[in-house]
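Residue strings, one per chain:
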Amino acid sequence: SQTIHQWPATLVQPVGSPLSLECTVEGTSNPNLYWYRQAAGRGLQLLFYSVGIGQISSEVPQNLSASRPQDRQFILSSKKLLLSDSGFYLCAWSVPRTGWDTEAFFGQGTRLTVV
Amino acid sequence: DQQVKQNSPSLSVQEGRISILNCDYTNSMFDYFLWYKKYPAEGPTFLISISSIKDKNEDGRFTVFLNKSAKHLSLHIVPSQPGDSAVYFCAARSNSGGGADGLTFGKGTHLIIQP
């Protein structure tokens, strides 16, 4: 069966510090991978998606970047965190779409607080 | 511009009764709709979905209805149970996704089941 691992679960970082959140998927090959963020009072917002190694698409301009160094590894990074980067970050994967019955599966999330 | 709207931030329903969660969308390119359930500090979990070629999908206590002409969908939970208390997110996918399946989410509705 497929599983998704995301870490750390919680993180408190000072403004201006770097960030690295990692996500790995097991039990599937060539998944689509996603980073979402849920900011306070807002819904889940798609930040990045990747359809393959080294292929990253950004949905919104921001202080963050993403990389996919391996097929089942997705990393969210920042060189200098801002207060507005605080939120709940979720990694997700899905099977490349071949029909109607596909959905995204989420990790447990990382609560990031920038202080 | 929010393409998926959940206009009720919260909903309180008595145990045993029917819970109805509503969702409206504006993008006519959306062709697949999903409902996710989320507990605090956890990632969302997939609940039920419906494709645009159907108007109803049922899975146990959960039924999703889609009204394409009104660009409206709803989730019915019958009967409501205490464990159903959570935040429910409506999500939609566009058939012009360009190969990736990024989802557009609503802001969520906090369902509270009262004993």
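Note that the structure is a prediction, hence the values are computed from the model and not measured. (Residues numbered from 1 in each chain as written. Chains lettered and ligands numbered in written order. Predicted model: local features only at pLDDT ≥ 70, side-chain atom pairs only at ≥ 80, totals over all residues. Heavy atoms only, no water.)

Caption draft 1: Quick look at the overall build of chain B. Each helix and strand in chain B was counted, giving 0 helices and 11 strands. Ordered by position from N to C terminus, the α and β elements of chain B give β-β-β-β-β-β-β-β-β-β-β. For 115 residues, the compact-globule estimate of 2.2 N^0.38 gives 13 Å, and the C-alpha radius of gyration of chain B, at 14 Å, lies within 12% of that figure. Dimensions of chain B, computed from C-alpha atoms along their principal axes, come out at roughly 45 × 30 × 25 Å. With 115 residues in all, chain B has 46% of them scored as buried. Across chain B, contacts joining residues at least 24 apart in sequence account for 55% of those joining residues at least 6 apart. Counting only carbon and sulfur atoms, one obtains 48% of the accessible surface of chain B, whose full area is about 5,300 Å². Side chains of chain B carry 11 positive and 10 negative charges; the gap between the two charge centres is 3 Å. (Helix = DSSP H or I, 4+ residues; strand = E, 2+ residues; numbered from the N terminus. Rg over C-alpha atoms; globule rule 2.2 N^0.38 Å. Buried < 20%, exposed > 50% of the residue type's maximum accessible area, 1.4 Å probe, protein only. Contact = heavy atoms within 4.5 Å. Areas by Shrake-Rupley, 256 points an atom, 1.4 Å probe, with all protein chains shown as cover. Lys, Arg positive; Asp, Glu negative; His and termini not counted. Charge placed at Lys NZ, Arg CZ, Asp CG, Glu CD.)

Caption draft 2: Spotlight on the sheet that holds strand 1 (residues 3-7) of chain A. Residues and elements named next belong to chain A. Taken together, 4 strands build an open sheet; the order of strands is 1-3-8-7 and the sheet is antiparallel. The open sheet has two edge strands, strand 1 and strand 7 (65-70), and neither has a second partner. Between one strand axis and the next, the sheet turns through 20° on average, direction left out of account. In terms of strand pairing, strand 7 meets strand 8 (residues 73-78) through 4 bridges, oriented antiparallel. Each bridged residue has a counterpart across the sheet, and for Ser-65 the counterpart in strand 8 is Ser-77. (Pairing = 2+ DSSP bridges. Axes fitted to C-alpha atoms, helices over the stretch in contact; angles between N-to-C directions.)

Caption draft 3: Seen up close, the sheet that holds strand 3 (residues 19-25) of chain B. All names here are of chain B. Ordered in space as 1-3-8-7-6, the 5 strands form an open sheet in which the pairing is antiparallel. Two strands bound the open sheet, and with one partner strand each, they are strand 1 (4-5) and strand 6 (56-59). Pairing analysis gives 2 bridges linking strand 1 to strand 3, with the strands arranged antiparallel. Residue pairing for strand 3: Val-4 is matched across the bridge by Tyr-25.

Caption draft 4: Fine view of the nonpolar core. Within the largest apolar cluster, 23 residues are counted, with the highest numbers of intra-cluster contacts made by Phe33(B), Trp35(B), Leu73(B), Leu75(B) and Tyr88(B). For this core, the element with the most residues is strand 9 (residues 86-94) of chain B, which contributes 4 residues. With residues near it in sequence (within four places) discarded, Leu75(B) still touches Ser19(B), Ile20(B), Leu21(B), Trp35(B), Leu47(B), Ile48(B), Phe62(B), Thr63(B) and Tyr88(B). Core analysis: the next-biggest nonpolar cluster, separate from the first, contains 20 residues, Ile4(A), Leu11(A), Leu21(A) and Val25(A) among them. (Core = buried A, V, L, I, M, F, W, Y, C linked by side-chain atoms within 4.5 Å.)

Caption draft 5: Molecular detail of the state of the cysteines. Residue and element names in this part refer to chain A. According to the stated counting rule, one finds 2 disulfides over all chains in the structure shown. Cys-23 shares a disulfide with Cys-91; S-S distance 1.9 Å. Between Cys-23 and Cys-91, the S-S torsion sits near -75°, and that sign places the bridge as left-handed. Linking Cys-23 in strand 3 (residues 19-26) with Cys-91 in strand 9 (residues 87-94), this pair joins segments that are 68 residues apart in sequence. (Disulfide = S-S within 2.5 Å.)

Caption draft 6: Inspection of the pattern of salt bridges at higher detail. Residue and element names in this part refer to chain A. What the rule picks out here adds up to 4 salt bridges over all chains. Between Arg-37 and Asp-85 there is a salt bridge; the shortest N-O distance is 3.9 Å. One end of the pair, Arg-37, is in strand 4 (residues 32-38); the other, Asp-85, is in the loop between strand 8 and strand 9, with 48 residues separating them in the sequence. Under the relative-accessibility criterion, Arg-37 is labelled buried at 12%. (Salt bridge = Lys/Arg side-chain N within 4 Å of Asp/Glu carboxyl O.)

Caption draft 7: How the structure looks around the interface of chain A and chain B. In this complex, chain A contributes 25 residues to the contact, which on the side of chain B involves 25 residues. Summed over both sides, the interface of chain A with chain B buries roughly 1,900 Å², with 56% coming from carbon and sulfur. Where chain A touches chain B, the interface holds 0 salt bridges. Counting across the interface, chain A meets chain B through 3 residue pairs in polar contact (both at pLDDT 80 or more). Elements with a minimum of two residues in the side of chain A that touches chain B: strand 4, strand 5 (44-52) and strand 9 of chain A. Taken together, the residues that form the side of chain A that touches chain B break down as 13 nonpolar, 8 polar and 4 charged. (Buried area = accessible area lost by both parts, 1.4 Å probe. Polar contact = N/O pair within 3.5 Å; in protein donor to acceptor, adjacent residues only side chain to side chain. Nonpolar A, V, L, I, M, F, W, Y, C, P; charged D, E, K, R; others polar.)

Caption draft 8: The arrangement of the side chain of Ser50(A) in detail. Residues and elements named next belong to chain A. Structurally, the position occupied by Ser-50 is in strand 5. Within the local environment of Ser-50, its side chain forms a polar contact with the backbone oxygen of Gly-52, the two atoms lying 2.9 Å apart. Polar contacts involving the side chain of Ser-50 include one to the main-chain carbonyl oxygen of Gln-55, which spans 2.6 Å. Once residues within four sequence positions are removed from consideration, Ser-50 is found in contact with Pro-31, Asn-32, Leu-33, Gln-55, Ile-56, Arg-68 and Phe-74.

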